[in-house]
Amino acid sequence: MVIDNKTIWITGASSGIGEACAYLYAREGVDLILTATRADRLAEVQAECIRLGAQCVILPYDLTDLAHIDELTDKAIAAFGKIDIAFLNAGISQRSKILETDGKVDEKIMAVNFFAPVKISRRLLPDMIKKGGGTIAVTTSISGKFGFPLRSAYASSKFALYGFFETLHAEYYDQNIRVVMVCPGRVKTNISYNALEADGRKHGQMDDGQNSGISAEKAAKKIVKAIDKQKPEVLVGGKELLMVYIKRFFPGLARKMVRKIKAT
Ligand SMILES: NC(=O)c1ccc[n+]([C@@H]2O[C@H](COP(=O)([O-])OP(=O)(O)OC[C@H]3O[C@@H](n4cnc5c(N)ncnc54)[C@H](OP(=O)(O)O)[C@@H]3O)[C@@H](O)[C@H]2O)c1
């Protein structure tokens, strides 16, 4: 990897994909900044990153608090004086039908999954540009490619990321800013356990689909490589990724398949 002397900020680093990527980067001896809500869990990840050879700072933060994200971003920049790669990966999923879903669930999911990465990027970009450029990687989902039952707000947040970050890519490419859209299918993490139900409570179960996903470590290898190569987009997962191509080339068939899916 060509990441000597790089500083990498990962959000959603306390578990799953973000944690696995943190360890891969730590082995390369980069400077890491890690964010998630759970300070105690982040401290454990930090200790492991330091053991693996990285300098590592943690910035615990609840990304639903949009009002103070500029301060969080300033702290992240100040930690090592620059950010070369921001991996905006924190996210929460959903398990509820539209008519049953409390509006607060929509707002929370949009805040963490969409508005937080938007606000972080807007604050970060001027500094990245001033220092010669940088990479913003953002975790979307195959649910950002087609609607899926029980995921109305989740899919909306992930669709929205494509609109914002493809625009960012076009507007700031000439200033040496690169965007990597990380698009997982199924990865075996806590995502279904932490997903929100109609009233905002945690789903609290590992869904069968999630359980059959690839490991976070396997996903992380592909993601870190794609970020290193500044690929505009990387699909990560197993056979479920076929749906992305079915939607692209046979949209009518994709709609029919999604209607018939027994979603959990
Ligand atoms: N796993 C999959 O199959 C899959 C598929 C498609 C897309 N994705 C996306 O991949 C990303 C990572 O998810 P994962 O699968 O690794 O799930 P995960 O194990 O549940 O990790 C989610 C991470 O996001 C953080 N997070 C959640 N709410 C937050 C908040 N309010 N403020 C700050 N951090 C918050 C969590 O930190 P705390 O627990 O400490 O709050 C955790 O570190 C998400 O964007 C998800 O949508 C995953």
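Residues numbered from 1 in each chain as written. Predicted model: local features only at pLDDT ≥ 70, side-chain atom pairs only at ≥ 80, totals over all residues. Heavy atoms only, no water.

The protein chain has the name Short-chain dehydrogenase in an unreviewed UniProt entry, where Proteiniphilum saccharofermentans is given as its organism. Under the UniProt heading Sequence similarities (unreviewed entry), the note attached to the protein chain is "Belongs to the short-chain dehydrogenases/reductases (SDR) family." (UniProt positions renumbered as here; feature names shortened; annotations may be inferred.)

### A few points about the site of the ligand
Not every one of the 30 residues close to the ligand is listed here, only the nearest: S15, T37, Y154, T189 and Q210. N89 is positioned with one of its backbone polar atoms (N or O) 2.8 Å from an oxygen atom of the ligand. When the free accessible area of the ligand is taken as 880 Å², the share hidden by the protein chains comes to 94%. Elements with a minimum of two residues in the shell around the ligand: α1 (16–27), α5 (152–172) and α6 (191–194). (Near = heavy atom within 4 Å. Polar contact = N/O pair within 3.5 Å; in protein donor to acceptor, adjacent residues only side chain to side chain. Areas by Shrake-Rupley, 256 points an atom, 1.4 Å probe, with all protein chains shown as cover. Helix = DSSP H or I, 4+ residues; strand = E, 2+ residues; numbered from the N terminus.)

### Section: the nonpolar core
Counting 41 residues, the largest nonpolar core has L63, I83 and F165 as the members making the most contacts within it. When contributions to this core are tallied by element, the ones reaching two or more residues are α3 (69–80), β4 (85–88), α4 (103–130), β5 (134–139), α5, β6 (177–184), α9 (242–249) and α10 (251–260). If near-sequence neighbours (up to four positions away) are discounted, F165 is found in contact with L88, P117, V118, S121, I136, V138, V179 and M181. Listed in part, the 36 residues of the second largest apolar core include Y23, C49, A54 and V234. (Core = buried A, V, L, I, M, F, W, Y, C linked by side-chain atoms within 4.5 Å. Buried < 20%, exposed > 50% of the residue type's maximum accessible area, 1.4 Å probe, protein only. Contact = heavy atoms within 4.5 Å.)

### Things to note about the sheet that holds β6
Taken in spatial order, the seven strands make up an open sheet running β3-β2-β1-β4-β5-β6-β9, and their pairing is parallel. At either margin of the open sheet sits one strand with a lone partner, and together these are β3 (55–58) and β9 (233–236). The average angle at which neighbouring strand axes cross in this sheet is 15 degrees, direction not considered. Where strand β1 (residues 7–11) lies against β4, four bridges are found, and the strand directions are parallel. In the strand pairing of β4, I8 is matched with I85. Along the sheet, α4 makes contact with β1, β4, β5 and β6, crossing β4 at roughly 175 degrees. Together, β4, β5, β6 and β9 form the strand contacts of α5, whose direction differs from that of β6 by roughly 160 degrees. (Pairing = 2+ DSSP bridges. Axes fitted to C-alpha atoms, helices over the stretch in contact; angles between N-to-C directions.)

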